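Spelled out, the chains give:
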Amino acid sequence: MSKPAWCAMPSTSIEKTEYDAASRVLSVWFVASGKRYDFEEVPPETYAAFRSAFVKGRFFNNHIRSHFRYRRIPD
């Protein structure tokens, strides 16, 4: 079983991310609220593009937020 990849994000809106390639789940923690959301069926290519995007928040809003099913993870 592979370990999820964790990454601190140099972003004003996204605190950190974690990606599990085996389950294709992208976990995102937000700076303002501290809340975590899991996005399902995110392809590895999308996660790689997200990590390398110059403006993380813009990439997230344009390519992830409205494109994948998600759920809020309780604290």
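Predicted, not measured: the structure shown is a model, and the values here were computed from it. (Residues numbered from 1 in each chain as written. Predicted model: local features only at pLDDT ≥ 70, side-chain atom pairs only at ≥ 80, totals over all residues. Heavy atoms only, no water.)

1. Points about the nonpolar core
Alright, step 1. Within the largest apolar cluster, 14 residues are counted, with the highest numbers of intra-cluster contacts made by Leu26, Val28, Phe39, Phe50, Phe60 and Ile64.
Alright, step 2. Of all the elements in the fold, those that place two or more residues in this core are β2 (14-20), β3 (25-30), α1 (44-52) and α2 (56-63).
Alright, step 3. Here the element with the most residues in this core is β3; it accounts for three residues. (Core = buried A, V, L, I, M, F, W, Y, C linked by side-chain atoms within 4.5 Å. Buried < 20%, exposed > 50% of the residue type's maximum accessible area, 1.4 Å probe, protein only. Helix = DSSP H or I, 4+ residues; strand = E, 2+ residues; numbered from the N terminus.)

2. Examining the confidence of the model for the protein chain
A low pLDDT score tells you not to read the predicted coordinates there in detail.
Alright, step 1. Residues of the protein chain with pLDDT of at least 70 account for 87%, and the chain-wide mean is 89.
Alright, step 2. Element-level mean pLDDT values for the protein chain span from 58 in strand β1 (residues 5-8) up to 98 in strand β4 (residues 36-39). (pLDDT = per-residue confidence, 0-100.)

3. A few points about the environment of Arg58
Alright, step 1. Relative to the elements of secondary structure, Arg58 occurs in helix α2.
Alright, step 2. Overall, Arg58 belongs to the exposed group, its relative accessible area being 53%.
Alright, step 3. Once the C-alpha coordinates of Arg58 and Ser13 are considered, the two residues, 45 residues apart in sequence, prove to be 9.7 Å apart.

4. What about the environment of Thr17?
Alright, step 1. Mapped onto the elements, Thr17 comes out in strand β2.
Alright, step 2. Note on Thr17: relative accessible area 0%, which makes it buried.
Alright, step 3. Considered as a pair, Thr17 and Asp38 are 21 residues apart in the sequence and their alpha carbons are 9.6 Å apart.
Alright, step 4. Here the side chain of Thr17 touches Tyr47 through a polar contact of 3.4 Å, side chain to side chain. (Polar contact = N/O pair within 3.5 Å; in protein donor to acceptor, adjacent residues only side chain to side chain.)

5. Focus on the environment of Val31
Alright, step 1. Relative to the helices and strands, Val31 is located in the loop between β3 and β4.
Alright, step 2. What makes Val31 partly exposed here is its relative accessible area of 41%.
Alright, step 3. Here the alpha-carbon distance between Val31 and Ile14, two residues 17 residues apart in the chain, equals 5.4 Å.
Alright, step 4. Contacts of Val31, omitting those with residues within four sequence positions, involve Ser11, Thr12, Ser13, Ile14 and Glu15. (Contact = heavy atoms within 4.5 Å.)

6. A short note on the packing of aromatic side chains
Alright, step 1. Applying the stated criterion across every chain, the model contains eight aromatic pairs.
Alright, step 2. Members of the aromatic cluster, each reached through a chain of ring pairs, are Phe30, Tyr37, Phe39, Phe50, Phe59, Phe60 and Tyr70.
Alright, step 3. The ring of Trp29 has Lys16 sitting right over it, with the charged end atom 4.5 Å from the ring centre. (Phe/Tyr/Trp six-rings, centres within 6.5 Å; stacked < 30°, edge-to-face > 60°. Lys NZ or Arg CZ within 6 Å of the ring centre and 35° of its normal.)

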